[in-house]
Each structure stands twice: as C-alpha cells, then as structure tokens.
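# Close look at the chain arrangement
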Amino acid sequence: MSDRFSHLWPPQNERILAALKAVYCDGDWGRYHGAQTTMLEGKLLEYFGCSYVHLLCSGTIGVELALRGLGVQSGDEVVLAAYDFPGNFRCIEAIGARPVLADIVSASWSLCPESFEAAISSATKAVIVSSLHGGLANIDRISAIAKHHGILVIEDICQVPGATVNGRRVGTYGDAAVLSFGGSKLLSAGRGGAVLTNNESVWQRINVFKDRGNDTFALSQLQAAVLNPQLDSLDDDNTLRTHNALKLIDRTALVDGVDGLSYAEGEVPVFYKVAWLLKSCHQRATLLAEARQLGLPLFEGFMGFVKRSERRCGKPVSLRNSECASDRTILLHHPILLAENSVLEEVSGQLVQLFAQMGKD
Ligand SMILES: *Cc1c(COP(=O)(O)O)cnc(C)c1O
C-alpha cells in the first residue's frame, strides 16, 4: 500500500532503531523467549492492569485461542456483529462452534447491545465485541447483558489499544481481550498478537493448547524488541492521532453526503482507521477512485457477513445497520493522523470537497 503518507508508517525513530541494534548485538533476535518478551509481557500487564498475558503470532490466532481459553466448544453458539473483521467469523468456525450474527449501532461500527441480547439462545456461550474504525462498543452495557445471561465476553481491541470508557481501559471489561501487532496496526511488529485475561484457567487452557513441545504460536524476541518502545509512547501517539481524527470528523460533520462517528459521554476513542458512512452506496467506487488520484489513503470497509448463508451462521435478528455498513463504509488509514498541521488542513479540505460532491449526485 503506497500513498502520500506511507512514509509515516511503520514508525522510524531512534528508540526503535536502538532496540533493533540491541537485539542484534546480544543475539536476542535469534531467540524464542527472553528479556524482550518478558519485558513486553510486563508492560502489557501493567498498561492494562491485568493478571495474565499470552504473546502470540497474530491477532487472529488470539481470537481463536481466546475462544478456546473460555472453553467454547463444538456446537456452542458465539454471537458477533454482522459487520466485523472476517477472521473473527472464521475463528468461531475453526473450533466447530456456530457464529450467530447481531447488528451494529450505525455511528459506532460496533455491536448493538439490544441486538446482541435479542440474538442470545440457550446455546450461546460467548460474544465477540470488536471496536472498529474509531468507534467504541457500548462495552459497559454489553458486559452487563452477557453477565445476566451467563455469557462470556471476548473484547477484540485490535483497532483500539489504549481507548478508555469512563476512565477504564477498553480490554478490561471482558473475560479476555485480544490485541494485534500486525503490520498496519497501531502497535506493530509486522505480525503478532496477544491475549489478555484476569482468569487463570483461561490462561492455562490456552497454554495447554499452544504447547506442543514448543510454543506453537509464539511472538519472537525480535518482534517484542520493536514493540516495547512503541508501547512506551502509545498514549502520546494516541493523543495526537485522536486530536487530529476528531478534527477531521468535526470538519466533515456538516457535509451532506456522509455520516461520521459519534461518541457517548466518557468515551475516549483511539484511531486505527477513521470511518464515514456514505448516504448512498452508488458513489463509493467513484469516491475512492477520486481519492486515489489525490493520493488519499481512503478504502472500503469490511464485506461483513450479512450475505453468508444460514447454513454457516445464525441470523435471528434484523441486520440492517450492518448491511449499510458493508455497502457504504469508507475508511481513512491512520498514518495520516501523525502528519503535521498544514498537511491535515489540506486533507480535511479535500475530504470535505469529496464528500460534498457525494451529497449532490
Ligand atoms: C487486525 C485485526 C485482527 C487480527 O489481525 P491479525 O492480522 O491476525 O493480527 C482482529 N480483529 C480486528 C478488528 C482487526 O482489525
């Protein structure tokens, strides 16, 4: 992916360079576990204030292992939003469980609490709650519903590391949380992930599954080395990204052709993508082509699962908002959010112009 802003990601700074040199010099780059992975585990536990962590080779395997850790089995139902990361659906299938779709809240791109509750059956064992594209799931309400029905909660925080709701970190509400350190993510090692939990038996079940004489899904010392300095500066980087994203959302809020993100009191989002919903799906291809000509990193959102057959998943509730999101979402990639002010001014002007055109056609 190359655009006007691809030089801003992955981050190139003295601290990451120093970390790379250090693991080169002491040979840690060639080792499985050691000082770097131990340091990263410690930093993550402290940052999220939780008791157990598994460092893993991807966020996707993290979601699968979290399901296994919670004891989800073949025949169980797992609720997820009908607009979500494709891998989450596959992870449920991978363990022989059945995905059951619920709808999203339109301006948050995240699971709707009421729709989740309506999708619950006697076979429901767990729910996957992703916060996507700068949107935040109403995790307070969702965990309360889940608790009431005896359902376990996995928070997919791959897109929102560091976000808070009422001062509490997203990722600390559920029974397990999943992080990704993939190449485009806000904490990046090119690849990688983690599962966080406060429940020892969840940690232990994952441990048993991944231990096959070796640590089958490990994150390496080399990966941990570049992640440690990124975690140190995550809050500062998030503050800058969030400031700039909110400015873009604000500037485009009055334009006719699109709807933007909105937040409840007490929510402090983090931006891996910034999302808008076009009022009509007919113009998306045109808009993206024009954006590309301007060198703007605008993309389509996820395909979503609304069209998947009932052989593969349960669809007990209306999925209207998810269907709209699948057809009409456009996303701005995050590196631009670290650009200097003059660049952001220019980009916000270009977005307003592009979006306003959509309102007219
Ligand atoms: C990136 C991502 C994942 C996992 O991705 P990996 O590339 O496997 O690390 C899971 N969920 C969401 C919402 C994501 O954005």
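Numbering of residues begins from 1 in every chain and follows the order in which that chain's sequence is written. Given that this is a predicted model, residues contribute local features only at a pLDDT of at least 70 and side-chain atom pairs are listed and counted only at 80 or more, while totals for whole chains, interfaces and linings are drawn from all residues. Based on all heavy atoms of the structure, the side-chain values leave hydrogens and waters out of the count.

## As for the pairing of strand E10 (residues 176–180)
Within E10, five of the five residues are buried, which leaves it mostly tucked inside the rest of the structure. The buried label applies to any residue whose accessible area, calculated with a 1.4 Å probe on protein chains only, is under 20% of its type's maximum; exposed applies above 50%, and partly exposed to all values in between. For helices the rule is a DSSP run of H or I covering at least 4 residues; for strands it is a run of E covering at least 2, with both sets numbered from the N terminus onward. Side chains Ala-176, Val-178 and Ser-180 project from E10 onto one buried face, and the interleaved Ala-177 and Leu-179 project onto a second face that is buried too. Looking at chain direction, strand E7 (residues 152–156) and E10 are connected through three bridges and run parallel. Counted as the bridge partner of Ile-154 is Ala-176 from E10. Paired strands, as defined in this entry, are two strands with at least two bridges between them according to DSSP. Both E10 and strand E11 (residues 193–197) contribute to a ladder of four bridges, which runs antiparallel. Within the sheet, the bridge partner assigned to Val-178 lies in E11 and is Val-195.

## Considerations on the domain arrangement of the protein
The start and end points of each domain follow an automatic or database-based domain assignment. For the protein, the assigned domains read domain 1 (6–230) and domain 2 (234–360). A contact between two residues is defined here by any heavy atoms of the two lying within 4.5 Å. Every contact between the two is made by 46 residues of domain 1 and, on the other side, 51 residues of domain 2. Buried area: the accessible surface (1.4 Å probe) lost by two parts on joining, summed over both. Each partner contributes to the roughly 3900 Å² buried at the junction of domain 1 and domain 2, and carbon and sulfur atoms together form 62% of this total. Salt bridges are counted wherever a side-chain nitrogen of Lys or Arg sits within 4 Å of a carboxyl oxygen of Asp or Glu. Our enumeration of links across domain 1 and domain 2 arrives at two salt bridges. By the criterion applied in these results, polar contacts are pairs of N or O atoms within 3.5 Å in which, for protein atoms, one can donate a hydrogen and the other can accept it, and in which residues neighboring in sequence qualify only through two side-chain atoms. If you look at where domain 1 meets domain 2, you find 22 residue pairs in polar contact (both at pLDDT 80 or more).

## Here's the deal with the packing of aromatic side chains
Planes of paired rings set the category: under 30 degrees apart is stacked, over 60 is edge-to-face and the rest tilted, where pairs are Phe, Tyr or Trp rings (Trp by its six-membered ring) whose centres lie within 6.5 Å. One pass over the structure, following the stated rule, counts eight aromatic pairs. An angle of 45 degrees between the planes, with centres 5.6 Å apart, marks the rings of Tyr-83 and Phe-302 as tilted. With Tyr-83 in the loop between strand E2 (77–81) and helix H4 (86–94) and Phe-302 in the loop between strand E15 (298–300) and helix H11 (320–328), the pair connects residues that are 219 residues apart, well separated along the chain. Exposure remark for Tyr-83: the relative accessible area of 0% places this residue in the buried category. Taking relative accessible area as the criterion, Phe-302 reaches 17% and is therefore assigned buried. Between Phe-209 and Phe-217 the ring centres are 6.3 Å apart and the planes differ by 5 degrees, which places this aromatic pair in the stacked class. For Phe-209, a relative accessible area of 26% corresponds to the partly exposed category. Put simply, the rings of Tyr-83, Phe-85 and Phe-302 pair up and form one aromatic cluster. Cation placement over rings: the criterion is NZ of Lys or CZ of Arg within 6 Å of the ring centroid and within 35° of the ring normal. Directly above the aromatic system of Tyr-173 lies the positively charged group of Arg-168, at a separation of 4.1 Å from the ring centroid. The ring of Tyr-47 has Arg-169 lying over it, and the distance from NZ or CZ to the ring centre is 3.7 Å.

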